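# Observations on the three-dimensional arrangement
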Amino acid sequence: MTDRQHSYNNVDVLISTEDICKKVLEVGAQISTDYAGKNVLIIAVLNGSFIFCADLVRILNLKCKVDFISVSSYIDTQTQGRVKVVSGIKEDIIGKDVIIVEDIVDRGFTLDFLIKEISLKKPKSIKTCVFLDKKCAREMEVAVDYNCFKIGNDFVVGYGLDCSGFFRHLPYVGKIKESV
Ligand code: 5GP
Ligand code: MG
């Protein structure tokens, strides 16, 4: 990709900063109501959810802890996507009401893996909060308990989501233009 292709000018805005702010506020308020008085552990999935999680947790009117997990996908000899933990959770999970915060659910493999992996550590409950849901791309059924936006099958960037490490810092969600 050339420098020009990485410019703001080369991204079509799909979800504006204003719409993101409103929706994250709404979801945060709902979580605050649902989890009042509970023993909450927020687990942010790195790298993609770093901006969403930072915005979300600052809205929560809750006593909670925040930890991070880093996973990566890889292809093996089978056709299914595989996921592995690159850096794990440090907080104790036993008895906690865990909320997994993820940037986007696409085919569903990553979230399915995370739910199974974290369930092994005996939380009291486990729910998912996903910024973007590409429902039409789903290959693995997975529970999305809180969601900000549903999108189509476009590859999107911004608000934490990258393309080869770039574009994460954009304050909106967009689609890279086909050609410049
Ligand atoms: P899944 O396992 O659900 O197929 O994939 C989830 C992961 O794929 C996300 O956490 C994200 O890293 C990546 N991903 C899926 N769709 C997109 C997209 O449109 N844009 C970006 N930047 N990453 C995506
Ligand atoms: Mg992700």
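Residues numbered from 1 in each chain as written. Chains lettered and ligands numbered in written order. Predicted model: local features only at pLDDT ≥ 70, side-chain atom pairs only at ≥ 80, totals over all residues. Heavy atoms only, no water.

### Considering the coordination of the magnesium ion (ligand 2)
- Surrounding the magnesium ion (ligand 2) are the protein donor atoms Glu-102 (OE) and Asp-103 (OD), which sit 2.3 to 2.5 Å from the metal. The same class applies to Glu-102 as to Asp-103, namely buried. (Donors = N, O, S within 2.8 Å, 3.2 Å for Na, K, Ca; no water. Buried < 20%, exposed > 50% of the residue type's maximum accessible area, 1.4 Å probe, protein only.)

### A few points about the packing of aromatic side chains
- All chains considered together, the criterion is met by 3 aromatic pairs.
- With centroids separated by 5.9 Å and ring planes inclined at 85°, the aromatic side chains of Phe-131 and Phe-149 adopt a geometry described as edge-to-face. Within this pair, whereas Phe-131 is found in strand 6 (residues 125–133), its partner Phe-149 is found in strand 7 (residues 146–150), the two being separated by 18 residues in sequence.
- Ring centres of Phe-131 and Tyr-159 lie 4.7 Å apart, and the angle between their planes is 40°; this geometry places the pair in the tilted category. Residue Phe-131 is located in strand 6, and its partner Tyr-159 is located in the loop between strand 8 (156–157) and strand 9 (173–176); the two are separated by 28 residues in the primary sequence.
- Assessed through its relative accessible area of 0%, Phe-131 is described here as buried.
- The class of Tyr-159 is buried, set by a relative accessible area of 4%.
- Clustering of aromatic rings is evident, with ring pairs tying together Phe-52, Phe-131, Phe-149 and Tyr-159.
- A cation sits over an aromatic face here: Lys-38 above Tyr-35, 5.5 Å from the ring centre. (Phe/Tyr/Trp six-rings, centres within 6.5 Å; stacked < 30°, edge-to-face > 60°. Helix = DSSP H or I, 4+ residues; strand = E, 2+ residues; numbered from the N terminus. Lys NZ or Arg CZ within 6 Å of the ring centre and 35° of its normal.)

### Section: the pattern of salt bridges
- What the rule picks out here adds up to 9 salt bridges.
- One salt bridge in this structure joins Arg-58 and Asp-55, with 2.8 Å as the shortest N-O distance.
- A residue is classified by how much of its surface remains accessible, and Arg-58, at 64% relative accessible area, is exposed.
- Relative accessible area serves as the criterion here: at 26%, Asp-55 is assigned to the partly exposed category.
- A salt bridge links Asp-162 to Arg-168; the nearest nitrogen and oxygen atoms lie 3.5 Å apart.
- For Arg-168, a relative accessible area of 19% corresponds to the buried category. (Salt bridge = Lys/Arg side-chain N within 4 Å of Asp/Glu carboxyl O.)

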